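Architecture and fold: a report
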Amino acid sequence: MTFRPVFIIPVLVFFLFVGVSLWGLLAITNGNRDTQSIGFSMQGQTIPSVTLPLLKVTDQDEFSLNNWQGQAYAINVWASWCPPCRAEAPAIERLSDHLPVLGINQRDEQENALDFLNTFGDPYTAIGVDRDGRASIEIGVQALPETLIIGPDGTIILHHRGPIFANEMNGVIRDALITLGITP
Amino acid sequence: MPHGTEIGHFALALAFGLTITQALALFAGARSSSAGMIRLGWQAAIMAFILVVISFAMLTLAFLRSDFSVALVASHSHSLKPWLYKVSGVWGNHEGSLLLWVLILTLFGALMAGQLRRISDGRSTMAYALSIQGMISLAFIGLILFTSNPFLRLTSLPDDGNGLNPILQDPGLAFHPPMLYLGYVGLSVGFAFAVAALIEGRADARWAVLARRWVLLAWAALTAGIALGSWWAYYELGWGGWWFWDPVENASLMPWLVATALIHSLRVVEKRNLFHSWTVLLAILGFGLSLIGTFIVRSGLLTSVHAFTNDPTRGIVILVIIMIAVGIPLMLYAMRAGTLGRDTMAEAHALFSRETALQANNLLLVVTTVTVLTGTLYPLVIEAVNGARISVGPPFFEASVGPLLGLMLFFLPVAPLLAWKQASFSKIWRQIWPMLMITAVLLAIVLMLISGMNAFAIATIGLGIWVMTGVAADLFAVMGLWRQHPTGAWRRLRGIPLPRLGMNLAHLGVAVFTIGVAGVSFFDDEVIKRLQIGDHMTSGDAQFTLTSVAPVIGPNYNATAATVIKTAANGESSEFISEIRTFPVARSQTTEAAIQTGFLGDTYVVFGGGTPEEGFVIHIYEKPFITWIWGGAGLMVIGGIITMLGHPTRRQEA
């Protein structure tokens, strides 16, 4: 037994990993690793009606997007197991100063979700529980976290994939708010 | 010592030089079989360790004395912090944790030097291994000195330090990272042996005997480190769970899975002189994944709750180290792997044999590792493709890793019963059917006691019982209860070889762990309510009364404490105090859960804040069998250590 081609596989896989990592790091250092570059199929369309059970007991008895017809609002899809969701929590808090933010808690355990809110704050006007992720698919959500801004007529003004940081607050979010006539 | 910091810095620079000597002298000594060079090499390894100890002690002293002229102390400590957290503050940051990493690295170097001094058989392998170890130490000391120096002074003195992340202010932090590093770094020894095997072009039974004790030690430490981390997150951080599939956790799980595969495959090399190239690859990957894990966590490549530095520039330096440390051995592997077993006359083994069973174990563990790696890196790959930052989370891991582990548990009890080379099916069947019967009976009893379980719960508990039965069967076999007269059974059990006892303890640990996981995953329960003082709520058959909510002043925090009295069905009562702590210096908040721990599980009370007008939010969680998770891990650690202690130091002809 001497040289066999299979023994090369580990080193090839390894250098693939190194390549992807190097790309990631260089992109961060050059500051052009941004999170808004994919096209959004749902942007410009009307938000489908979605009804979900509530995460917390409040005066409403269910979470329904229909109740919000006629006013601008935002939807933030999150979960306690999603580290970027923790990272964007302060920005969502700031967003909630400008318009009501509805939370959709996706594929999560209730206790973990409540712990998350205790730890990172609860900026949500209401939170719907999307246990199997089906409602998220309905509104075009593919990954966590994602944020949508909806106009009074139900049109999706902005569909943002990935966490919201200062860059987004001063960029896409600001633009969407201005479209709605809200001064950010 | 006013210049302690400078002494520490200087000692580290000297250690840097000594590791160069260690690497070069041992390499040359092993090549030319020069006893003098080898002696110089191991002496340098021991000296390097002593110097790093001095360096580490000086940094610790600066933290203890709150010497804020040292930049690291000023940004990570505070004069009001209790002394234990001043000490743990040393490694609660990037620079200090690297120094701890180097301390452990050189400790292993010194231990290997001790072994090299004594042995006569396999000296050149050992010398090559210690030389490689020296190169790793060299790289990390260089990383500290040139990019992450903990000894830098400030020119203007701050009045006080910047505190420490309050989450990190916990006894858990005093023990968890050092233990984890002991595991990560311990795997460097197995790695060094693998590279030595590639240099010499030989990974035979003698090599496996030399390497296996080190890998067992590292594996036990890694198990303990991961378990402590999980314990810490659950008990102290009040995260309510014991495993979150966070990138940092996965980074420690991957090397663990590979190390577990490695201790099993080394056994095959040792006993049967097979699997050479595979074992060497596992040893390289074990440490490689430790490095990659550290890299992922430190570079800011992935978002994690645990991350304490996000510095891409440092990340690139670590990536370069990984490229050299893992890339070169893998290239060497591509060229040399085929020659590793050339001198051995390997005999074929039948499909139905222990070799096959261990192969299956290895395959499943490696597939699990690849799955975890995929889930961890997937967000990064997606981002490279279309720019979206995502997280795959527990649903992916539970669905993909669960069945793989289940399959492993199913085969686990059978493997030790199988003979090497060729097992007899009829003989095995005679042992297996009573085991199956016992498992079925025990499972039936459980099913009668607890109703309403779903199929997953039944399967998981069944597997736990099945593995326990396997351990009992193996001990019965040792006692000779299957064949021999029962008198003398006890004597035979006491005469059990330590490695076999260790293996059984570790496997028992796996079973206990499995039952713990089943308990928490399928039977946990929670109640949340808003209560006024004096109100009560019920959970299970116990009643919980909120008796008071009051402010508390801690050593460096202010807190609001809620006191809840639990009254059990039999009238016994106990008190739970849960606090929300505010740390003014760090400007952050933590929740301290009140937990009552019992053999059959935990009751967990968390205060969620509130006002007298609106009421106070109280969460009550029941976590059945959660303690079994750590109990199981503890058994695995003890089993690993016993196996290591009983492991032969040189090859015995069977």
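Note that this is a predicted model, so its numbers are computed, not measured. (Residues numbered from 1 in each chain as written. Chains lettered and ligands numbered in written order. Predicted model: local features only at pLDDT ≥ 70, side-chain atom pairs only at ≥ 80, totals over all residues. Heavy atoms only, no water.)

1. Some thoughts on the confidence of the model for chain A
Regions with low pLDDT should not have their predicted coordinates read in detail. Residues and elements named next belong to chain A. Note the cut-off: Each residue carries a pLDDT score, the predictor's own confidence in it, on a scale running from 0 to 100. Runs of H or I in DSSP of at least four residues are treated as helices and runs of E of at least two as strands, each being numbered from the N terminus. We call two residues contacting when some pair of their heavy atoms lies within 4.5 Å.
Considering every residue of chain A, the mean pLDDT works out to 80; 89% of them sit at 70 or more. No element of chain A has a lower mean pLDDT than helix 4 (residues 134-138), at 79, and none a higher one than strand 3 (residues 73-78), at 93. Across residues 32-40, where pLDDT falls below 50, the model places 28 contacts with residues more than four positions away in sequence or in other chains.

2. A word on the sheet that holds strand 7 (residues 594-598) of chain B
What counts, and what does not: Pairing between two strands is assigned when DSSP locates at least 2 bridges connecting them. Axis definition: a line fit to C-alpha positions, over the contact stretch in the case of helices; interaxial angles, taken between N-to-C directions, run 0 to 180 degrees.
Strand order in the open sheet made by the four strands is 1-9-8-7 (chain B), with antiparallel pairing throughout. Bordering the open sheet on either side are strand 1 (525-531) and strand 7 of chain B, each of which pairs with just one other strand. Averaged over all pairs of adjacent strands, the angle between strand axes in this sheet comes to 10°, irrespective of strand direction. Alignment of strand 7 of chain B against strand 8 (residues 601-611) of chain B, held across five bridges, turns out to be antiparallel. Note on strand 8 of chain B: the bridge partner recorded for Gln596 of chain B is Thr603 of chain B. Contacts between helix 3 (residues 110-120) of chain A and the sheet are confined to strand 1, strand 8 and strand 9 (615-624) of chain B, with strand 9 of chain B contributing the most and set at about 140° to the helix. Across the face of the sheet, helix 17 (residues 498-523) of chain B comes into contact with strand 1 and strand 9 of chain B while running at roughly 140° to strand 9 of chain B.

3. A few points about the layout of surface pockets
Applied cut-off: Buriedness for pockets is judged along seven lines, at least five of which must meet protein on both sides within 12 Å for an open set on the 1 Å grid over protein atoms alone, while cavities are sets there where a 1.4 Å probe fits but cannot get out, and lining residues have an atom within 4 Å of a point. Grid points are joined across faces, edges and corners, and a volume is the space filled by probe spheres set on the points. Three residue categories are used. Nonpolar comprises Ala, Val, Leu, Ile, Met, Phe, Trp, Tyr, Cys and Pro, charged comprises Asp, Glu, Lys and Arg, and polar comprises the others, including Gly.
There is about 760 Å³ of room inside the second largest pocket. Lining the second largest pocket are 27 residues, and of these Val13 and Phe14 of chain A together with Leu285, Val370 and Leu373 of chain B lie nearest its centre. For the lining of the second largest pocket, the elements supplying multiple residues, two or more each, are helix 1 (9-30) of chain A together with helix 10 (276-299), helix 11 (312-336) and helix 12 (354-386) of chain B. Take the lining of the second largest pocket: its biggest share by element is nine residues, from helix 12 of chain B. Within the lining of the second largest pocket, the residues separate by chemical class into 23 nonpolar, four polar and no charged.

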